[in-house]
Amino acid sequence: QPKSHYFKGISYTGLKNYEQAEVEYTTAIRINPAYAAAYFDRGVLYTDCVNKFEKGIADFRKVLELTPANKDAIINTGICYYKMNKWKEALQQYDHAIQSFKDGRIYYLRAITYAQMKNFRQAYQDGLIAKQSGYTISDQLLKDWNSRSK
């Protein structure tokens, strides 16, 4: 039964009926408090659709309690902090993710966070790693970071 509420949550999210999506994800979680996917998707809803970043962080932390090696939950926690302009907290999440997962996207996210902090040297270095890892990043952005790092 929790799966039907979970899938309704996905459907309502797709229809941009975010209030009802939240209700469905929450119902799925109430029925099965260990339903990591429902916490994750509700966290994405909070982060990407309704700007409730603290709630998103709480849901991603619950996902990590249930599935500790969940790369996307670590990354999304960092994204929440980034969207809240909490650069140091975002960096901590990206650093944690990089320790376990060598992924170009994580280096890119860390690079843009460093750029927000005006640490263009580190932004450039991480941007290069992201690009070398196959992540698409603008050459102009890399040139900009490189020129600002001097």
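Our subject in this report is the structure included herewith. Note that this is a predicted model, so its numbers are computed, not measured. (Residues numbered from 1 in each chain as written. Predicted model: local features only at pLDDT ≥ 70, side-chain atom pairs only at ≥ 80, totals over all residues. Heavy atoms only, no water.)

What to know about the overall build of the protein
Counting secondary structure elements, the protein contains nine helices and zero strands. Put simply, the protein runs from its N terminus to its C terminus through helices and strands in the order α-α-α-α-α-α-α-α-α. By its C-alpha atoms, the protein is 55 × 30 × 25 Å across when sized along the principal axes. Considering only residue pairs separated by 6 or more positions, the protein has 41% of its internal contacts joining residues 24 or more positions apart. Counting only carbon and sulfur atoms, one obtains 49% of the accessible surface of the protein, whose full area is about 8200 Å². Considering the protein, the positive charge centre built from 22 side chains and the negative charge centre built from 15 side chains are found 3 Å apart. (Helix = DSSP H or I, 4+ residues; strand = E, 2+ residues; numbered from the N terminus. Contact = heavy atoms within 4.5 Å. Areas by Shrake-Rupley, 256 points an atom, 1.4 Å probe, with all protein chains shown as cover. Lys, Arg positive; Asp, Glu negative; His and termini not counted. Charge placed at Lys NZ, Arg CZ, Asp CG, Glu CD.)

Details of the environment of lysine 62
Of note, lysine 62 is situated in helix α4 (residues 53-66). Note on lysine 62: relative accessible area 25%, which makes it partly exposed. Beyond its immediate stretch of four places on either side in the chain, lysine 62 contacts Pro33 and Tyr39. (Buried < 20%, exposed > 50% of the residue type's maximum accessible area, 1.4 Å probe, protein only.)

Quick look at the pattern of salt bridges
Where charged atoms from two side chains of opposite charge approach closely, those side chains can pair. In total, this model carries 10 salt bridges according to the counting rule given. When the shortest N-O distance is used, the salt bridge between lysine 52 and glutamate 22 registers 3.8 Å. A residue pair is termed long-range when its members are at least 10 positions apart, and lysine 52 in the loop between α3 (36-49) and α4 and glutamate 22 in helix α2 (residues 18-31) qualify at 30 residues. In this structure glutamate 22 comes out as buried when scored by relative accessible area, which is 18%. Salt bridges linked by common partners bring Asp95, Arg110 and Asp126 together as one network. (Salt bridge = Lys/Arg side-chain N within 4 Å of Asp/Glu carboxyl O.)

Re the packing of α3 against helix α5 (residues 71-83)
At a minimum axis distance of 10 Å, the contact between α3 and α5 shows a crossing angle of 20 degrees. In this view, α3 runs roughly parallel relative to α5, as classed from their interaxial angle. Helix-helix and strand crossings are classified by hand; for α3 and α5 the assignment is left-handed. For the pair α3 and α5, contact is made by Phe40, Thr47 and Asp48 and by Asp72, Ala73, Asn76, Ile79, Cys80 and Lys83, respectively. Within the contact of α3 with α5, the residues separate by chemical class into four nonpolar, two polar and three charged. (Axes fitted to C-alpha atoms, helices over the stretch in contact; angles between N-to-C directions. Parallel < 35°, antiparallel > 145°, perpendicular 65-115°, else oblique. Left-handed = near helix turned anticlockwise from the far one by under 90°. Nonpolar A, V, L, I, M, F, W, Y, C, P; charged D, E, K, R; others polar.)

Let's talk about the environment of threonine 47
Looking at the secondary structure, you find threonine 47 in helix α3. When sequence neighbours within four positions are dropped, the list of residues in contact with threonine 47 reads Phe53, Gly56, Phe60, Ile79, Cys80 and Lys83.

Looking at α3
The end-to-end C-alpha distance of α3, which contains 14 residues, comes to 19 Å, matching closely the 20 Å that a straight helix rising 1.5 Å per residue would cover. Counting buried positions along α3 yields 10 of 14 residues, so the element is predominantly enclosed. Residues Ala36, Ala38, Tyr39, Phe40, Asp41, Arg42, Gly43, Leu45, Tyr46 and Thr47 constitute the buried set of α3. Check the buried side of α3 and you find it contacts α1 (2-14), α2, α4 and α5. The first or second residue beyond α3 is asparagine 51, which carries a positive phi of 55 degrees. (Expected span 1.5 Å × (residues − 1).)

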